[in-house]
Amino acid sequence: MPAADVTAIEAADDAVDVLLDSGRAPADILVLTTGEIHPWAQHELSFGEDSYWRQQDEAGDVFYAQATAERAVKRPVVVLAVNGGTDEESAQALPAAMARAETLLVVCGDPERLRTLL
């Protein structure tokens, strides 16, 4: 999905809405960000790291994490918001997101930048 760095999270949220509306279970979806952490992850982290990661393990809802988070596990669908970070970090996030996506990968970011990174 085409998006600028400043709108990539919004595009990722829109993608999640479409996925949920099409019948995907919330637990099937992992949202990763390359720049600033998703606001929902920021909120959940305010309750502590243990509580935050327990949500991933319980797999009851969409899970939000940084693309560099090694603890983020595979899910059927991964939505990657390329919302900043260095070119190197973003380039590394693409194959890492693909490896975590069991069925579908949705990338939200600047198409020209993404082509350059690939």
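Use the structure listed above.
Residues numbered from 1 in each chain as written. Predicted model: local features only at pLDDT ≥ 70, side-chain atom pairs only at ≥ 80, totals over all residues. Heavy atoms only, no water.

Quick notes on the pattern of salt bridges
Evaluation of the coordinates by the stated rule reveals two salt bridges. The partner of aspartate 5 in a salt bridge is arginine 113, with the nearest N and O atoms 3.5 Å apart. In this pair, aspartate 5 sits in the segment before α1 (8–21) while arginine 113 sits in helix α5 (residues 111–117), placing the two residues 108 residues apart along the sequence. Across the pair arginine 113 and aspartate 87 runs a salt bridge, and its minimum N-O distance is 3.0 Å. Of this pair, arginine 113 sits in helix α5 while aspartate 87 sits in helix α4 (residues 87–100); the two residues are 26 residues apart in sequence, bridging distant segments of the chain. Residue classification places aspartate 87 among the partly exposed residues on the basis of a relative accessible area of 46%. (Salt bridge = Lys/Arg side-chain N within 4 Å of Asp/Glu carboxyl O. Helix = DSSP H or I, 4+ residues; strand = E, 2+ residues; numbered from the N terminus. Buried < 20%, exposed > 50% of the residue type's maximum accessible area, 1.4 Å probe, protein only.)

Let's talk about empty space enclosed by the protein
All told, the structure shown has one cavity of 30 Å³ or more when counted by the stated rule. For the largest cavity, the full set of lining residues is Trp40, Ala41, Glu44, Tyr52, Gln55, Val62, Phe63 and Tyr64. Those elements that place two or more of their residues in the lining of the largest cavity are α2 (39–45), α3 (49–58) and β2 (63–66). The leading source of residues in the lining of the largest cavity is α2, at three residues. (1 Å grid on protein atoms, 1.4 Å probe; cavity = no way out; pocket = protein on both sides within 12 Å on 5 of 7 lines; lining within 4 Å. Points joined across faces, edges and corners; volume = space filled by probe spheres on them.)

Focus on the environment of leucine 117
With respect to the helices, strands and loops of the structure, leucine 117 is situated in helix α5. A sequence separation of 114 residues divides leucine 117 from alanine 3, and the C-alpha atoms of the two residues are 15 Å apart. In this view, leucine 117 contacts Asp87, Ser90, Ala91 and Leu94; residues no more than four positions away in its chain are not counted. (Contact = heavy atoms within 4.5 Å.)

Points about the nonpolar core
In this structure, Val16, Ile29, Val31, Leu32, Ala65, Val79 and Leu80 are the most contacted members of the largest nonpolar core, which totals 37 residues. Those elements giving two or more residues to this core turn out to be α1, β1 (29–33), α3, β2, β3 (75–81), α4, β4 (101–108) and α5. In terms of residue count, the dominant contributor to this core is α1 (seven residues). Apart from residues lying up to four places away in sequence, alanine 65 is in contact with Val31, Leu32, Thr33, Tyr52 and Ala72. (Core = buried A, V, L, I, M, F, W, Y, C linked by side-chain atoms within 4.5 Å.)

Some points on the packing of aromatic side chains
For the structure on display, the rule yields three aromatic pairs. Geometrically, the ring pair formed by tyrosine 52 and phenylalanine 63 is tilted, given 4.9 Å between the ring centres and 40° between the ring planes. Linking tyrosine 52 in helix α3 with phenylalanine 63 in strand β2, this pair joins segments that are 11 residues apart in sequence. For the pair tyrosine 52 and phenylalanine 63, one class covers both residues: buried. Centroid distance tryptophan 53 to phenylalanine 63: 5.5 Å. Interplanar angle 40°. Geometry classified as tilted. Taken together, the residues tryptophan 53 in helix α3 and phenylalanine 63 in strand β2 connect sequence positions 10 residues apart. Overall, phenylalanine 63 belongs to the buried group, its relative accessible area being 2%. (Phe/Tyr/Trp six-rings, centres within 6.5 Å; stacked < 30°, edge-to-face > 60°.)

Quick word on the pairing of β3
Most of β3 is tucked away: seven of the seven residues are buried. Pairing of β1 with β3, which is carried by five bridges, proceeds in the parallel orientation. Each residue of the ladder has a partner; that of leucine 30, found in β3, is valine 78. The pairing of β3 with β4 spans six bridges and is classified as parallel. Looking at the pairing, alanine 81 lines up with cysteine 108 of β4. Between the parallel elements β3 and β4, the chain passes through α4 in a crossover that is right-handed. (Pairing = 2+ DSSP bridges. Right-handed = clockwise from strand over helix to strand, strands pointing away.)

Any link to function would need more than the numbers given here.
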